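Architecture at a glance
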Amino acid sequence: MTIPTRITPADAAKLPFPPGRLSSLVIGKPEIEVRHYAPKVVDNQTPHDQDELYFVISGTGTFERGAEKVSFAPGDVLFVAAHEPHRFSNFTDDFATWVLFYGAKKLG
């Protein structure tokens, strides 16, 4: 995969979802993965094998990590440890985020 120098949220939104994924792959390397995620109506994601950072592009709502619930807005960064249950809820129609998966995959 050739990694572009610059990719905009609009460019990323046009990329296809790989089979079984809810987000488009923007950068994929063994140690790091960047995805564009913009769920519609409901966030159906499940916990992942790597730590994650979400960089909110647009929209507002609530981010749930375990029992914790926090509001989010554009420019916010949200952290989730590997295997931790999490999801976005009550988000606006324009919600979109970059997702950065990093570090070694952790066994569940």
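The shown structure was predicted, so the numbers you read here are calculated from the model rather than taken from an experiment. (Residues numbered from 1 in each chain as written. Predicted model: local features only at pLDDT ≥ 70, side-chain atom pairs only at ≥ 80, totals over all residues. Heavy atoms only, no water.)

What to know about the overall build of the protein chain
Put simply, the rule reads: Secondary structure elements follow DSSP: runs of H or I of four or more residues count as helices, runs of E of two or more count as strands, with numbering from the N terminus. Our radius of gyration looks at C-alpha atoms and nothing else; its globule reference is 2.2 Å times the residue count to the power 0.38. Relative accessibility thresholds used throughout: buried, under 20% of the residue-type maximum; exposed, over 50%; partly exposed, between the two (1.4 Å probe, protein chains only). Only heavy atoms enter the contact rule, under which two residues are in contact if any of them lie within 4.5 Å. The method behind every accessible area is Shrake-Rupley, applied with a 1.4 Å probe, and residues are considered shielded solely by the protein chains displayed.
When helices and strands are counted, the protein chain shows one helix and eight strands. Put simply, the protein chain runs from its N terminus to its C terminus through helices and strands in the order α-β-β-β-β-β-β-β-β. For 108 residues, the compact-globule estimate of 2.2 N^0.38 gives 13 Å, and the protein chain sits close to it at 13 Å. Structurally, the protein chain occupies a C-alpha span of about 40 × 35 × 25 Å along its principal axes. By the burial criterion, 35% of the 108 residues in the protein chain qualify as buried. Put simply, of all contacts in the protein chain between residues at least 6 apart along the chain, 59% involve residues at least 24 apart. Total accessible area on the protein chain stands at roughly 6400 Å², and carbon and sulfur atoms take up 58% of it.

Quick notes on the sheet that holds strand 2 (residues 32–37)
Heads up, the condition is: Whether two strands pair comes down to DSSP finding at least two bridges between them. Only the stretch in contact is used when fitting a helix axis, every axis being a line fitted to C-alpha atoms; angles between N-to-C directions are given from 0 to 180 degrees.
Spatially, 1-2-8-3-6 is the arrangement adopted by the five strands of the open sheet, whose pairing is antiparallel. Looking along the sheet, the strands with just one partner apiece sit at the ends: strand 1 (24–29) and strand 6 (77–80). Within the sheet, the average angular offset between the axes of one strand and its neighbour, ignoring direction, is 15°. Bridge count between strand 3 (residues 51–58) and strand 8 (residues 96–102): seven bridges; the pairing is antiparallel. Across the sheet, the residue bridging to L53 is L100, located in strand 8.

Concerning the packing of aromatic side chains
Threshold: Centre distance within 6.5 Å is the pairing criterion for rings of Phe, Tyr and Trp, where only the six-membered ring of Trp is used; planes under 30 degrees apart are then read as stacked, over 60 as edge-to-face, and the remainder as tilted.
Taken as a whole, this structure holds seven aromatic pairs when the rule is applied. Relative to F95, the ring of F72 has its centre 5.0 Å away and its plane inclined at 55°; by these criteria the two rings are tilted. Of this pair, F72 sits in strand 5 (residues 68–72) while F95 sits in the loop between strand 7 (86–89) and strand 8; the two residues are 23 residues apart in sequence, bridging distant segments of the chain. Using a relative accessible area of 3% as the deciding quantity, one classes F72 as buried. According to the relative accessible area criterion, F95 is buried, its value standing at 1%. Summarising the aromatic geometry, the rings of F91 and F95 are spaced 5.4 Å apart at their centres and angled 45° between planes, so their arrangement reads as tilted. Each of the two residues, F91 as well as F95, counts as buried.

A few points about the pairing of strand 4 (residues 61–65)
Where strand 4 and strand 5 come together, five bridges link them in antiparallel fashion. The partner of T62 across the bridge, within strand 5, is S71.

Section: the sheet that holds strand 5
Reading across the sheet, the three strands line up as 5-4-7 and stay open at both edges, with antiparallel pairing between neighbours. The outermost strands of the open sheet, each flanked by one partner alone, are strand 5 and strand 7. The mean inter-strand angle of the sheet, taken between neighbouring strand axes irrespective of direction, is 25°.

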